[in-house]
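Chain by chain, the residues:
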Amino acid sequence: QDKARIFMTRHGARIDKEDRNWLSKAGHRRHDDPHLSSAGELASRELAAKLQTMQREAPLSHIVSSPFLRCVQTAQPIAEALGIPIKLEPGICEVLTIFPPNFLEP
């Protein structure tokens, strides 16, 4: 009998921890939705490479992500490396005063 395996990860490093003026450059006004920093982008690519090497032994069939930009950016390289779409699940994120509704509005 095959056993189901679940791999979980947290999003990569956030830009707001490195750049206090990130929001003025972000292209949106969601102060609770910072994108990844360059270190976070690198870490997400490294994670994708590692999971790709593990794919034969422990194949992944689903990628589920919070809709926060940093989470989707972390999942994207994994989805590309494994050829698996990302499923957004709003229920797996922080509860904020702005979420929901209108979370993904500019």
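Just above sits the structure.
Quick caveat, the model's predicted, so the values are computed rather than measured.

**Things to note about the pattern of salt bridges**
Then, in step 1: The full count for this structure, using the stated rule, is three salt bridges.
Then, in step 2: With its nearest N and O atoms 2.6 Å apart, the salt bridge here joins K25 to D19.
Then, in step 3: Judged by its relative accessible area of 58%, K25 falls in the exposed class.
Then, in step 4: The partner of D33 in a salt bridge is R30, with the nearest N and O atoms 3.0 Å apart.

**Quick notes on helix α3 (residues 69–82)**
Then, in step 1: Taking 1.5 Å per residue as the helical rise, α3 with its 14 residues ought to reach 20 Å, and the 20 Å between its terminal C-alpha atoms agrees with that figure.
Then, in step 2: Along α3, the sharpest change in direction is near 30° and occurs at A75; proline P77 comes one to four residues later.
Then, in step 3: Along α3, the positions that sit buried rather than exposed are R70, C71, T74, A75, P77, I78, A79 and L82.
Then, in step 4: Its buried side turned inward, α3 meets α2 (38–54), β1 (63–65) and β2 (86–88).
Then, in step 5: Looking at the residues trailing α3, positive phi occurs at G83, about 70°.

**Quick look at the layout of surface pockets**
Then, in step 1: Roughly 950 Å³ of internal volume is contained in the largest pocket.
Then, in step 2: Along the wall of the largest pocket there are 30 residues; nearest its centre are I6, F7, M8, T9 and V64.
Then, in step 3: Residue assignment for the lining of the largest pocket shows that the elements contributing at least two residues are α2, β1 and α3.
Then, in step 4: The leading source of residues in the lining of the largest pocket is α3, at five residues.
Then, in step 5: Of the residues in the lining of the largest pocket, the class split is 17 nonpolar, seven polar and six charged.

**Structural notes on the nonpolar core**
Then, in step 1: In terms of nonpolar packing, the biggest core is built from nine residues, these being A48, L51, L60, I63, A75, I78, A79, L82 and I84.
Then, in step 2: Counting only elements with at least two residues in this core, the list comes to α2 and α3.
Then, in step 3: In this structure, A79 is in contact with I63, I84 and I86, ignoring residues within four places of it in sequence.

Procedures and definitions
- Residues numbered from 1 in each chain as written.
- Predicted model: local features only at pLDDT ≥ 70, side-chain atom pairs only at ≥ 80, totals over all residues.
- Heavy atoms only, no water.
- Salt bridge = Lys/Arg side-chain N within 4 Å of Asp/Glu carboxyl O.
- Buried < 20%, exposed > 50% of the residue type's maximum accessible area, 1.4 Å probe, protein only.
- Helix = DSSP H or I, 4+ residues; strand = E, 2+ residues; numbered from the N terminus.
- Expected span 1.5 Å × (residues − 1).
- Bend = angle between axes of the 7 residues up to and from the residue.
- Contact = heavy atoms within 4.5 Å.
- 1 Å grid on protein atoms, 1.4 Å probe; cavity = no way out; pocket = protein on both sides within 12 Å on 5 of 7 lines; lining within 4 Å.
- Points joined across faces, edges and corners; volume = space filled by probe spheres on them.
- Nonpolar A, V, L, I, M, F, W, Y, C, P; charged D, E, K, R; others polar.
- Core = buried A, V, L, I, M, F, W, Y, C linked by side-chain atoms within 4.5 Å.

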